[in-house]
Amino acid sequence: MDIKCELVPEDSRKPIPQPDELGFGIHFTDHMFVMDYKDDKGWINARIIPYSPFTLDPAAVCLHYGQAIFEGLKAYKGIDGKIRFFRPMENMKRLNRSAWRMCMPQINEKDLLDAIKKLVDIERRWVPEAKGTALYIRPFMIATEPFLGVRPAKEYILSVILTPVGAYYKEGFNPVKIFVTDKYVRAAVGGVGEAKAAGNYAASLMASEEAKEKGFTQVLWLDAKERKYVEEVGTMNIFFVLDGEVVTPELTGSILSGITRDSVIRLSKDWGYKVSERRISIDEVIEAAKSGKLNECFGTGTAAVISPVGFLYYKDQGYKINGGKTGPLAQRLFDELTGIQYGEKPDPYGWVEFLE
Ligand SMILES: *Cc1c(COP(=O)(O)O)cnc(C)c1O
């Protein structure tokens, strides 16, 4: 793919934020990648340009009917100074699966990854050094055709923006308190829950706001039909260790197929755990918590990697997990995955790609 580059003059580039001011998704780098899609031309005008607002027609389909999808991955600065990506091709494939589900055009996975690498290369100075920090990469696609009607749009923008992010855990792991909601649902089987579609996150806001008001960090989602089977936690996949068995909900179509989830399954299996992708009811979880068989619970996702759950609240009752502390598997997975991502540990699965 031919990418036109229009770069900001060196002396007009933004100052890099201090490591302790990074936060998440607050600062954006000097440049962005953009390409356009037209029904009759395919993807055109691939370009890296100064980070700047889009001009959108007020009738753009994304603003009215929600044809909008995204991805999230990170570039890590390893202890050897090399920049690494973690299984980035999986993000490209998932972007295409989301696009397919939302009737949006397919992209060339290798071309997009090459474009991302080129953009990160230009923005090298933005990749923070400290362990736990990273340059978060946000590819996204929106429908831009000006047309008020419900059918797939004929014009799109694919863009990639970059934001340096701070360490999720500044003083070690902090297990979170989770509210199990049986009032709201995130996604239903047959819906778009397995797509990283923008509207899914708007749909989840009310439940997480109510949970936060009650003093919880996030929501644990149950299935839409019976409000019985565990699905995800916040915007992460969820794992339990039940009497030594590692359990995560099977992918039914309403659950996002996390790359961290897949990596955690692989590692746990190779470490000798019995790993089951199966339906798991909230009653089974609560029973196990009562009888002391619920050893651990944690969420998985690119942002936090592993997020231990120390407390569950369901139907007016609270349940402590592992004494509210991080369990041994959560800790080991976190150490292994971040070890691979920052080049401190070998990469036996070939998960890492380098920026040359
Ligand atoms: C992105 C996401 C995840 C985690 O996926 P990763 O590939 O591990 O980052 C899980 N659940 C939801 C709803 C998500 O949007």
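Cut-off values and rules
- Residues numbered from 1 in each chain as written.
- Predicted model: local features only at pLDDT ≥ 70, side-chain atom pairs only at ≥ 80, totals over all residues.
- Heavy atoms only, no water.
- 1 Å grid on protein atoms, 1.4 Å probe; cavity = no way out; pocket = protein on both sides within 12 Å on 5 of 7 lines; lining within 4 Å.
- Points joined across faces, edges and corners; volume = space filled by probe spheres on them.
- Helix = DSSP H or I, 4+ residues; strand = E, 2+ residues; numbered from the N terminus.
- Nonpolar A, V, L, I, M, F, W, Y, C, P; charged D, E, K, R; others polar.
- Domains from an automatic or database assignment.
- Salt bridge = Lys/Arg side-chain N within 4 Å of Asp/Glu carboxyl O.
- Buried < 20%, exposed > 50% of the residue type's maximum accessible area, 1.4 Å probe, protein only.

(A) Spatial organisation of empty space enclosed by the protein. For the structure on display, the rule yields one cavity of 30 Å³ or more. Roughly 90 Å³ of volume is contained in the largest cavity. Surrounding the largest cavity, L73, K74, Y76, F86, N91, I259, T260, G301, T302, V305 and Q341 form its lining. For the lining of the largest cavity, the secondary-structure elements that each account for two or more residues are β5 (73–77) and α5 (259–270). Looking at which element gives the most residues to the lining of the largest cavity, the answer is β5, with three residues. For the lining of the largest cavity, the per-class residue count stands at five nonpolar, five polar and one charged. Each of domain 1 (4–165) and domain 2 (176–341) contributes no fewer than three residues to the lining of the largest cavity.

(B) Molecular detail of the pattern of salt bridges. Summed over the entire model, instances satisfying the criterion amount to 23 salt bridges. Residue D262 is joined to R87 by a salt bridge in which the shortest nitrogen-to-oxygen separation is 2.9 Å. One end of the pair, D262, is in helix α5; the other, R87, is in the loop between β6 (83–86) and α2 (88–101), and 175 residues separate them in sequence. Where K131 meets E344, a salt bridge forms, and the shortest distance between an N and an O atom there is 2.8 Å. With a gap of 213 residues between them, K131 in the loop between α3 (109–122) and β7 (134–143) and E344 in the loop between α7 (328–341) and β18 (352–354) connect regions that are remote in the sequence. Residue classification places K131 among the partly exposed positions, given a relative accessible area of 42%.

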